[in-house]
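Chain residues, written in single-letter form:
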Amino acid sequence: MTGQPIRISISDEVAEAVAAGAPVVALESTIFTHGLPRPRNLEVALEAEERLRSTGVVPATIGVYAGVPTVGLSADQIKELSEADDLDKASLRDLPVVAALGRHGGTTVAATAFLAHRAGIRVFSTGGLGGVHFGASESFDESADLTTLAATPVTVISAGVKSILDIRATLERFETLNIPVIGYRTRRYPGFYITDSGHEIAYQVDSPEQAARVIEARDGLDLPQAVLIANPVDPAKQLPPQELEALLTRAWAEAERQGVTGNASTPFLLDFIQRDTQGRSLEVNVEVYRGNVRLGGEIATALAAARSTGSAGSGGTGSAGSEA
C-alpha cells in the first residue's frame, strides 16, 4: 500500500517558464530562514530574485509554507518565513514530517535540489554545500547533501563546501558517489570564505556555454547525479586565508572546551566565525551568494539558448578548460 502523493505547489510563473524552456534558477530558503540575521536575511533573499529577473531569468525560491513544499515562494511568503521564529530546517528526510504537521520550513541544499528537480528546474544556486565533518570516520557525520546530489540530476552552483568541513574527505566522497566537481575558470577548489581551499580538482569550464554542454552531456547519458560547479569568491573579497586558518583553530578549541558536538557544531562554529570577524564573514557570505546567483542565471540562460537552437553539444570540457 502506498500513501497519498504530497502536493508540491509550483507558482504559475515558474511552471510557465519551465514549460516554455525559459531560464529558471532555484534558490534555497535556509539562507534567509536560518543562515543570515534579520533584517539582512530578507534583503538578500529579495535582492537575489530581483537580480535574476533583471537578466531575464525566473527565480524559484523554494521552501515549505504551512506544510506545502513550494517552488516559487511569493514575496509575502518569503517575508513571513524570514520573520518566523518557530520553523524547521528541512532536509530531504524532514520534508514528509514538516508537510504532515503543516509546519513552515526552510529547505536545505538536499531538499531544495529534490524539489527543484521535481519541478523540472535544472539549475540551482546556493552558497556553500554540506559535506564530510572532521572525525566522520568515527561519528559518521556527513551531510545528506552528498547522497541526495548523487541521485538528483540538477546543476548546483556553490563556492565549495563550508570551510569548517573536511574538504579533502568531501572531495573523496564526491568521487565515490560519481558526482562531477567542476571549477568555474579554476582547477583550485574554493573553500567558501576563501578562493582556494588548497585542493586541486580535475576539471574546469570557462564559460556558461561550456557548463551547459557538460550538463547536456550528463542528461544525454541519462546519468542520475548532480553536476557541481565550484565558483570561487572574488579574491579581493575573501577572508584572508591565514586569518581563517587561525580563526578555525580557535573556533574548534572553543567548541571542544564547551563540549559542543554533533549537529550543534556547525551553527556554533559559524556563529563563532561571524562574531570573531565582527561581521566580516557575513559580508563574504553575501558576496559568495551573489556570485553564485549571477553565475546560475548565466548558466540557465545558456541552457535555454542551447535547447532553443539545438546547439548544445554532447560532450563536456576536459581539464583545460501548478503542482507536481
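What you are looking at is a predicted structure, and each value in this text was computed from that prediction instead of being measured.

What counts, and at which threshold
- Residues numbered from 1 in each chain as written.
- Predicted model: local features only at pLDDT ≥ 70, side-chain atom pairs only at ≥ 80, totals over all residues.
- Heavy atoms only, no water.
- Helix = DSSP H or I, 4+ residues; strand = E, 2+ residues; numbered from the N terminus.
- Rg over C-alpha atoms; globule rule 2.2 N^0.38 Å.
- Buried < 20%, exposed > 50% of the residue type's maximum accessible area, 1.4 Å probe, protein only.
- Areas by Shrake-Rupley, 256 points an atom, 1.4 Å probe, with all protein chains shown as cover.
- Lys, Arg positive; Asp, Glu negative; His and termini not counted.
- Charge placed at Lys NZ, Arg CZ, Asp CG, Glu CD.
- Salt bridge = Lys/Arg side-chain N within 4 Å of Asp/Glu carboxyl O.
- Polar contact = N/O pair within 3.5 Å; in protein donor to acceptor, adjacent residues only side chain to side chain.
- Contact = heavy atoms within 4.5 Å.
- pLDDT = per-residue confidence, 0-100.
- Pairing = 2+ DSSP bridges.
- Expected span 1.5 Å × (residues − 1).
- Arc of directions from axis to C-beta.
- Core = buried A, V, L, I, M, F, W, Y, C linked by side-chain atoms within 4.5 Å.
- Axes fitted to C-alpha atoms, helices over the stretch in contact; angles between N-to-C directions.
- Parallel < 35°, antiparallel > 145°, perpendicular 65-115°, else oblique.
- Left-handed = near helix turned anticlockwise from the far one by under 90°.
- Nonpolar A, V, L, I, M, F, W, Y, C, P; charged D, E, K, R; others polar.

Structural notes on the overall build of the protein chain
Each helix and strand counted, the protein chain has 13 helices and 13 strands in total. The globule rule puts the C-alpha radius of gyration for 324 residues at 20 Å, and the 19 Å found for the protein chain is close to it. Over its C-alpha atoms, taken along the principal directions, the protein chain stretches across nearly 55 × 50 × 45 Å. Taken across its 324 residues, the protein chain has 54% of its residues classed as buried. About 14500 Å² of surface is accessible on the protein chain, with carbon and sulfur atoms providing 51% of the total. With 27 positive and 40 negative side-chain charges, the protein chain shows a spacing of 2 Å between the two charge centroids.

A short note on the side chain of Glu28
Mapped onto the fold, Glu28 is located in the loop between strand S2 (24-27) and helix H2 (30-35). We note that Glu28 is buried and unpaired, the nearest opposite charge coming from Lys162 at a distance of 6.4 Å. A polar contact of 2.2 Å, which involves the side chain of Glu28, links it to the side chain of Thr126. Other than its neighbours up to four places away in sequence, Glu28 contacts Thr61, Ile62, Thr107, Thr108, Val109, Thr112, Phe124, Ser125, Thr126, Gly127 and Tyr289.

So, the confidence of the model for the protein chain
Put simply, the protein chain has an average pLDDT of 90, and 90% of its residues get 70 or more. Below pLDDT 50 for its whole length, residues 312-321 participates in 28 contacts with residues either more than four positions away or in separate chains.

Remarks on the pairing of strand S9 (residues 181-184)
In S9, alternate side chains face the same way, and those of Val181 and Gly183 on one face and Ile182 and Tyr184 on the other are all buried. Bridging between S9 and strand S13 (residues 227-230) involves 3 bridges; their strand directions are parallel. Across the sheet, Val181 pairs through a bridge with Leu228, a residue of S13. Relative to strand S12 (residues 203-205), S9 runs parallel, the two being bridged by 3 bridges. Along S12, the bridge assignment pairs Gly183 with Gln204.

Thoughts on helix H12 (residues 265-276)
Between its first and last C-alpha atoms H12 spans 16 Å; for 12 residues at 1.5 Å apiece the expected length is 16 Å, and the two agree. Restricting attention to buried positions, one finds in H12 the residues Ser265, Thr266, Phe268, Leu269, Phe272 and Ile273. Seen along its axis, H12 keeps its buried residues to an arc of 165 degrees; they face one direction. Along its buried surface, H12 packs onto helix H11 (241-258) and helix H13 (280-309). Remark: Gln278 follows H12 within two positions and exhibits a positive phi of approximately 55 degrees.

A closer look at helix H6 (residues 109-118)
Of all the 10 residues making up H6, 7 are buried; the element is thus mostly covered by neighbouring parts of the structure. Where H6 is concerned, the buried positions are Val109, Ala110, Ala111, Thr112, Ala113, Leu115 and Ala116. Gly120, located one to two residues past H6, shows a positive phi value of around 85 degrees.

A look at the nonpolar core
Within soluble globular proteins, side chains that are nonpolar generally end up buried alongside one another. In this structure, Val71, Ile121, Leu149, Phe174, Tyr189 and Leu228 are the most contacted members of the largest nonpolar core, which totals 62 residues. For Phe174, the residues in contact, after removing those within four places along its chain, are Leu129, Leu146, Val161, Ile179, Val181, Tyr189 and Leu228. One finds Leu42, Val57, Leu87 and Leu295 within the second-largest nonpolar core, a separate group that totals 36 residues.

Topic: the packing of H11 against H12
The N-to-C vectors of H11 and H12 enclose an angle of 130 degrees; their axes lie 10 Å apart at closest approach. By the angle between their directions, the pair H11 and H12 is classed as oblique. Relative to H12, H11 is oriented so that their crossing is right-handed. Contacts between H11 and H12 pair Leu247, Leu248, Arg250, Ala251, Trp252, Glu254, Ala255 and Gln258 from the former with Phe268, Leu269, Phe272, Ile273 and Asp276 from the latter. Its residues assigned to classes, the contact of H11 with H12 comprises 9 nonpolar, 1 polar and 3 charged.

Quick word on the packing of helix H10 (residues 208-220) against H13
Where H10 meets H13, the closest approach of the two axes is 8 Å, and the angle between their N-to-C directions is 60 degrees. As for the relative orientation of H10 and H13, their crossing is right-handed in sense. Where H10 abuts H13, its residues Pro208, Glu209, Ala211, Ala212, Ile215, Glu216 and Asp219 lie against Glu298, Ile299, Ala302, Leu303 and Arg307.

Quick notes on the environment of Lys162
Relative to the assigned elements, Lys162 resides in the loop between strand S8 (155-158) and helix H9 (167-176). When its relative accessible area of 25% is taken as the criterion, Lys162 is described as partly exposed. Each C-alpha atom, one on Lys162 and one on Gly120, is 27 Å from the other, the two residues being 42 residues apart in sequence. Filtering out sequence-adjacent residues up to four positions away, Lys162 remains in contact with Gly128, Leu129, Gly130, Phe192 and Leu270.

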